[in-house]
Amino acid sequence: MVAMQISPSILSADFANLQAQIEAVSNADWVHVDVMDNHFVPNLTIGVPVVESLAKISPLPLDCHLMIDNPDLWAPKYAEIGANSVTFHVEAAANPAMCIKDIKAAGARAGMALKPNTDIEDYIDLLPQLDMLLVMTVEPGFGGQAFMADMMPKVRRVRELVGDGPNAVWIQVDGGVSADTIEQCAQAGADVFVAGSAVFAVSEPAAMVDQLRSLAVTACAHP
Ligand code: DX5
Ligand code: ZN
């Protein structure tokens, strides 16, 4: 397993000042960009033009989480415009294997996300192709929701399936991750942590990023 990585979600940031907000968490490993289309989820955020602009100015690599219909068409486009990691929802994909291939061919790391009710057992054959598997710990669509601790067995199961060697598939958790909940995620086997409200709702976001990372590292050392 690689080091514990923190990916602050700008969904909870000030959308009128995204450059400054990203610079405020420049000690993070990634910046998590939630793309929502008001079809796959009942909320609407940003799309290709804004993400393309962010890719040009961000000091951090972009971790794009696509909560959209038709990722087969759109996911590779986000890779082409500069996203370093592109994660699509398997529930929305017509051909997930092809989607993974297309994201990689366009030059990004390929991630696949599972909603809380989606079972990993149905997608085990896709794991070897993936760079990252995202286990949602809330229903996708909104920031600030309560963490679903009952997703931890799914995280454990995925870690069991992918192993923990240096090239193992990364396991991301997203939703309700905070100083109160990150340790159980790390103990279950997650190594990439998305946090929106926990980071951007406090007065010192960078200090929170460091605190979250150190809680994850310590928890992982004592499973
Ligand atoms: C929810 C998004 C998350 C969201 C998390 O659908 O995918 O990335 O920003 O927000 P918090 O950390 O506040 O739950
Ligand atoms: Zn997200």
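Calculation notes
- Each chain has its residues counted from 1, running along the sequence as written.
- Numbering of ligands from 1 and lettering of chains from A proceed in the order in which they are written.
- Whole-chain, interface and lining totals are the exception, using all residues; otherwise, since this is a predicted model, local features are given only for residues with pLDDT of at least 70 and side-chain atom pairs are given and counted only at 80 or more.
- Values reported for side chains reflect all heavy atoms of the structure, with hydrogen atoms and water molecules removed beforehand.
- Excluding water, the donors of a metal are its N, O and S neighbours within 2.8 Å, or within 3.2 Å for Na, K and Ca, and that exclusion means sites may look incomplete.
- Only DSSP runs of H or I with at least four residues qualify as helices, and only runs of E with at least two residues qualify as strands; both kinds are numbered from the N terminus onward.
- Burial here depends on accessible area, computed with a 1.4 Å probe over protein chains only, as a share of the maximum for the residue type. Under 20% is buried, over 50% is exposed, and the range in between is partly exposed.
- Each Phe, Tyr or Trp ring, with Trp reduced to its six-membered ring, pairs with another whose centre is within 6.5 Å; inter-plane angles below 30 degrees give stacked pairs, above 60 give edge-to-face pairs, and intermediate values give tilted ones.
- A ring has a charge above it when a Lys NZ or an Arg CZ is no more than 6 Å from the ring centre and no more than 35 degrees off the ring normal.
- A pair of strands is considered paired only if DSSP assigns at least 2 bridges between the two.
- A crossover gets the label right-handed when its path from the first strand over the helix to the second runs clockwise, viewed with the strands pointing away from the viewer.
- The salt bridge criterion pairs a side-chain nitrogen of Lys or Arg with a carboxyl oxygen of Asp or Glu, the two atoms within 4 Å.

Caption draft 1: Structural context of the coordination of the zinc ion (ligand 2). Only H32 (NE2), D34 (OD), H65 (ND1) and D174 (OD) from the protein reach the zinc ion (ligand 2) as donors, at distances of 2.1 to 2.3 Å. Sequence positions of the donors to the zinc ion (ligand 2) reduce to the motif H-x1-D-x30-H-x108-D. Here H32 is found in strand β2 (residues 31-36), whereas its partner H65 is found in strand β3 (residues 62-67), with 33 residues between them in sequence. Taking the relative accessible area as the measure of exposure, H32 reaches 0% and is therefore buried.

Caption draft 2: Inspection of the packing of aromatic side chains at higher detail. Tallied over the full model, the rule gives one aromatic pair. With centroids separated by 6.0 Å and ring planes inclined at 75 degrees, the aromatic side chains of W30 and W170 adopt a geometry described as edge-to-face. You can see W30 sitting in the loop between α1 (18-23) and β2 and its partner W170 sitting in strand β7 (residues 170-174), a full 140 residues away along the chain. As far as burial versus exposure is concerned, W30 and W170 are alike and both buried. The aromatic ring of W74 is capped on one face by K77, whose charged end is 6.0 Å from the ring centroid. The ring of F40 has K115 lying over it, and the distance from NZ or CZ to the ring centre is 5.1 Å.

Caption draft 3: Up close: the pairing of strand β4 (residues 85-89). Burial within β4 is extensive, with five of its five residues counted as buried. Judged by which residues are buried, β4 turns out to be covered on both faces: S85, T87 and H89 on one side and V86 and F88 on the other are all buried. Pairing analysis gives four bridges linking β3 to β4, with the strands arranged parallel. Paired with L66 across the two strands is F88, which belongs to β4. Handedness of the crossover is the feature at issue here: the chain leaves β3, passes through helix α3 (residues 71-80), returns alongside β4, and the resulting connection is right-handed. Where β4 meets strand β5 (residues 109-114), five bridges bridge the pair, whose relative direction is parallel. By the bridge assignment, H89 is partnered in β5 with A113.

Caption draft 4: Region of the structure containing the pairing of β2. Counting buried positions along β2 gives six out of six residues, so the element sits mostly inside the fold. Every second residue of β2 is oriented toward a common face, with V31, V33 and V35 on one face and H32, D34 and M36 on the other, all of them buried. Judged from the six bridges that link them, β2 and β3 form a sheet pairing that is parallel. Bridge assignment links V35 to a residue of β3, and that residue is L66.

Caption draft 5: Broad picture of the pattern of salt bridges. Here the structure, examined in full by the defined rule, presents five salt bridges. A salt bridge links D191 to R159; its shortest N-O distance comes to 3.1 Å. Here D191 is found in the loop between α6 (182-188) and β8 (192-195), whereas its partner R159 is found in helix α5 (residues 152-162), with 32 residues between them in sequence. This pair shows no difference in class: D191 is buried, exactly as R159 is. The salt bridge involving D210 is made with R213; its shortest N-O contact spans 3.4 Å. With D210 and R213 both in helix α8 (residues 205-221) and three residues apart, the pair spans about one turn of that helix.

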